[in-house]
Amino acid sequence: MRVYRLRRKNRIDRFYTNVIRIRGSVSEASSPAERAAAIEEIRALQTTAFELLVDEKLAADDSFRIFLTLSNEVIEELGAA
């Protein structure tokens, strides 16, 4: 059971890492098209995360809510700039 929980944790950590990487790849000098592509990439991550949640490969816990909060905030940042 412990290994199963660790795998779930490692999966959500990869989602965090990808959102942070995407945010870091966009600068103030990035074009609107680059920003839109980054937003779409984050939305795709969200979709994948929900699919894994439904398949019970991610837990519906605080880690998942933190991912959603982080990804939504980054989408908002990228869309507002």
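Above this text sits the structure in question.
Predicted model only: the values in this text are computed from it and were never measured. (Residues numbered from 1 in each chain as written. Predicted model: local features only at pLDDT ≥ 70, side-chain atom pairs only at ≥ 80, totals over all residues. Heavy atoms only, no water.)

Peer 1: Tell me about unusual backbone geometry, and name the residues and values.
Peer 2: Despite not being glycine, glutamate 56 shows a phi value in the positive range, around 60°. For glutamate 56, a relative accessible area of 52% puts it in the exposed group. (Buried < 20%, exposed > 50% of the residue type's maximum accessible area, 1.4 Å probe, protein only.)

Peer 1: Any details on the packing of helix α2 (residues 32-54) against helix α3 (residues 62-80)? Residues and values, ideally.
Peer 2: In contact at an axis separation of 9 Å, α2 and α3 are set at 165° when each is read in the N-to-C sense. Between α2 and α3, the interaxial angle falls into the category roughly antiparallel. Between α2 and α3 lies a crossing of left-handed hand. In contact with Arg35, Ala38, Ile39, Ile42, Arg43, Leu45, Gln46, Ala49, Phe50 and Leu53 of α2, α3 contributes Phe64, Phe67, Leu68, Ser71, Asn72, Val74, Ile75, Glu77, Leu78 and Gly79. Along the lines of polarity and charge, the residues of the contact of α2 with α3 split into 13 nonpolar, four polar and three charged. (Axes fitted to C-alpha atoms, helices over the stretch in contact; angles between N-to-C directions. Helix = DSSP H or I, 4+ residues; strand = E, 2+ residues; numbered from the N terminus. Parallel < 35°, antiparallel > 145°, perpendicular 65-115°, else oblique. Left-handed = near helix turned anticlockwise from the far one by under 90°. Contact = heavy atoms within 4.5 Å. Nonpolar A, V, L, I, M, F, W, Y, C, P; charged D, E, K, R; others polar.)

Peer 1: Kindly report on the pattern of salt bridges, identifying the contributing residues and their values.
Peer 2: Inspection of every chain in the model, using the stated rule, returns three salt bridges. The shortest N-O distance in the salt bridge between arginine 21 and glutamate 41 comes to 3.0 Å. Here arginine 21, found in helix α1 (residues 2-25), pairs with glutamate 41, found in helix α2; they are 20 residues apart in sequence, far enough to count as distant. Using a relative accessible area of 43% as the deciding quantity, one classes arginine 21 as partly exposed. In this structure glutamate 41 comes out as partly exposed when scored by relative accessible area, which is 36%. For arginine 43, the salt bridge goes to glutamate 40, with nearest N and O atoms at 3.3 Å. Pair noted here: arginine 43 and glutamate 40 are both in helix α2, with a separation of three residues, about one helical turn. (Salt bridge = Lys/Arg side-chain N within 4 Å of Asp/Glu carboxyl O.)

Peer 1: Outline the packing of aromatic side chains, listing residues and values.
Peer 2: Two aromatic rings are characterised by how far apart their centres lie and by the angle between their planes. The full count for this structure, using the stated rule, is three aromatic pairs. Between the aromatic rings of phenylalanine 50 and phenylalanine 64, the centroid separation amounts to 5.3 Å while the plane-to-plane angle is 75°, which identifies the pairing as edge-to-face. Taken together, the residues phenylalanine 50 in helix α2 and phenylalanine 64 in helix α3 connect sequence positions 14 residues apart. Under the relative-accessibility criterion, phenylalanine 64 is labelled buried at 5%. Relative to phenylalanine 67, the ring of phenylalanine 64 has its centre 6.3 Å away and its plane inclined at 55°; by these criteria the two rings are tilted. Here phenylalanine 67 and phenylalanine 64 lie together in helix α3, a separation of three residues that amounts to about one turn. For phenylalanine 67, a relative accessible area of 0% corresponds to the buried category. Grouping aromatic residues by their ring pairs yields a cluster made of Phe15, Phe50, Phe64 and Phe67. (Phe/Tyr/Trp six-rings, centres within 6.5 Å; stacked < 30°, edge-to-face > 60°.)

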